[in-house]
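Coordinate analysis (summary)
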Amino acid sequence: MNPTQGSNIFSAIVAAPFGAIGIRIDAGIVTELVYLPPHFGEKAATDAVADIVARQLENYLCDADFPFTFPLPEVGSAFQRKVWAAIASIPRGTVRTYGQVAKHTGSAPRAVGQACGANWFPLVIPCHRVTAAGGLGGFAQSDDENGFQLSVKRWLLAHEGVNHSPWQQQTIFG
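Residues numbered from 1 in each chain as written. Predicted model: local features only at pLDDT ≥ 70, side-chain atom pairs only at ≥ 80, totals over all residues. Heavy atoms only, no water.

1. What to know about the overall build of the protein
When helices and strands are tallied, the protein shows five helices and five strands. Taken from the N to the C terminus, the helices and strands of the protein come in the order β-β-β-α-α-β-α-α-β-α. In the protein, the proportion of contacts linking residues at least 24 apart, taken out of those at least 6 apart, comes to 58%. Carbon together with sulfur atoms contributes 52% to the accessible area of the protein, which is approximately 8600 Å² in total. (Helix = DSSP H or I, 4+ residues; strand = E, 2+ residues; numbered from the N terminus. Contact = heavy atoms within 4.5 Å. Areas by Shrake-Rupley, 256 points an atom, 1.4 Å probe, with all protein chains shown as cover.)

2. So, the pairing of strand β3 (residues 29–36)
Where strand β2 (residues 19–26) meets β3, seven bridges bridge the pair, whose relative direction is antiparallel. Its bridge partner lying in β3, Ile25 is registered against Val30. In this structure, the hairpin formed by β2 and β3 is closed by a connection of two residues, where Ala27 is found at a positive phi of approximately 55°. (Pairing = 2+ DSSP bridges.)

3. Regarding the pairing of strand β1 (residues 12–16)
Burial runs high along β1: four of the five residues are buried. The antiparallel pairing of β1 with β2 creates a hairpin that spans two residues between the two strands. (Buried < 20%, exposed > 50% of the residue type's maximum accessible area, 1.4 Å probe, protein only.)

4. Things to note about the environment of Ile90
Summarising the element assignment, Ile90 is placed in the loop between α2 (78–88) and β4 (96–97). The exposure class assigned to Ile90 is buried, which follows from its relative accessible area of 4%. A C-alpha to C-alpha distance of 8.0 Å links Ile90 and Pro126, two positions 36 residues apart in sequence. Among all residues touching Ile90, those that are not within four sequence positions of it are Val95, Arg96, Val101, Arg129 and Val130.

5. Let's talk about the packing of aromatic side chains
The geometry of an aromatic ring pair is captured by two quantities: the separation of the ring centres and the angle between the planes. Using the criterion set out here, one finds six aromatic pairs in the structure. Where Phe18 meets Tyr35, the ring centres are 5.6 Å apart and the plane angle is 80°; that geometry is what we call edge-to-face. Placement of the pair is Phe18 in the loop between β1 and β2 and Tyr35 in strand β3, with a sequence separation of 17 residues. Their ring planes at 35° and their centres at 5.6 Å tell us that Tyr60 and Phe68 sit as a pair that is tilted. Among the aromatic residues, ring-to-ring pairing joins Tyr60, Phe66, Phe68 and Phe70 into one connected group. (Phe/Tyr/Trp six-rings, centres within 6.5 Å; stacked < 30°, edge-to-face > 60°.)

6. A look at the sheet that holds β1
Spatial strand order, β1-β2-β3: three strands in an open sheet with antiparallel pairing. Sheet topology places β1 and β3 at the edges, where each strand pairs with a single neighbour. The average angle at which neighbouring strand axes cross in this sheet is 20°, direction not considered. Strand direction decides the pairing type here: β1 and β2, joined by five bridges, are antiparallel. (Axes fitted to C-alpha atoms, helices over the stretch in contact; angles between N-to-C directions.)

7. A few points about α2
Residues Val83, Trp84, Ala86 and Ile87 constitute the buried set of α2. Along α2, the residues classed as buried sweep out an arc of 160° about the axis, all on the same side. The inward-facing, buried residues of α2 abut α3 (98–105), α4 (109–117) and β5 (130–131). (Arc of directions from axis to C-beta.)

8. Remarks on α4
All of the buried residues in α4 are Val112, Ala115 and Cys116. Down the axis of α4, the smallest arc covering the buried residues is 105°, so these residues share one side. Facing away from the buried side of α4 by more than 90 degrees, the exposed set consists of Arg110 and Gln114. Contact partners of the buried residues in α4: α2, α3 and β5.

Rendered as structure tokens:
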């Protein structure tokens, strides 16, 4: 695939150690962040909001403690927002299981997983910090142990200092 093919749907694309992150902006509002595989090339921001988001993502990729400050629209169902709020409260360098988040939100682990899969703002709402009780679990609606999405999750957890995990060795990235 041509590195710029498909990039027209993004307002900016930020290079990341695992590939890239696409930023979608509509009418000055962040509408989605998307993990992209390595064949996507960088794309300069097309507007001021995309530029702010791109710079903050770059800062996070260099420093896992960098706090995101750009506003997000209120999207999703009331249940999804409740789960996302619980996930956003998980401190960097730690993980919670789907079951723990479910108990906290008064729901079921599978429902928490579905809310994680529907997250439009990964990194800002850090669903990568939610794991299965016995291992890594899924990520971004994927459970392919050797696939791109779970390798992104492994990289993010390592970047944030979660080094005691049994899944750390299973990554396609260096």
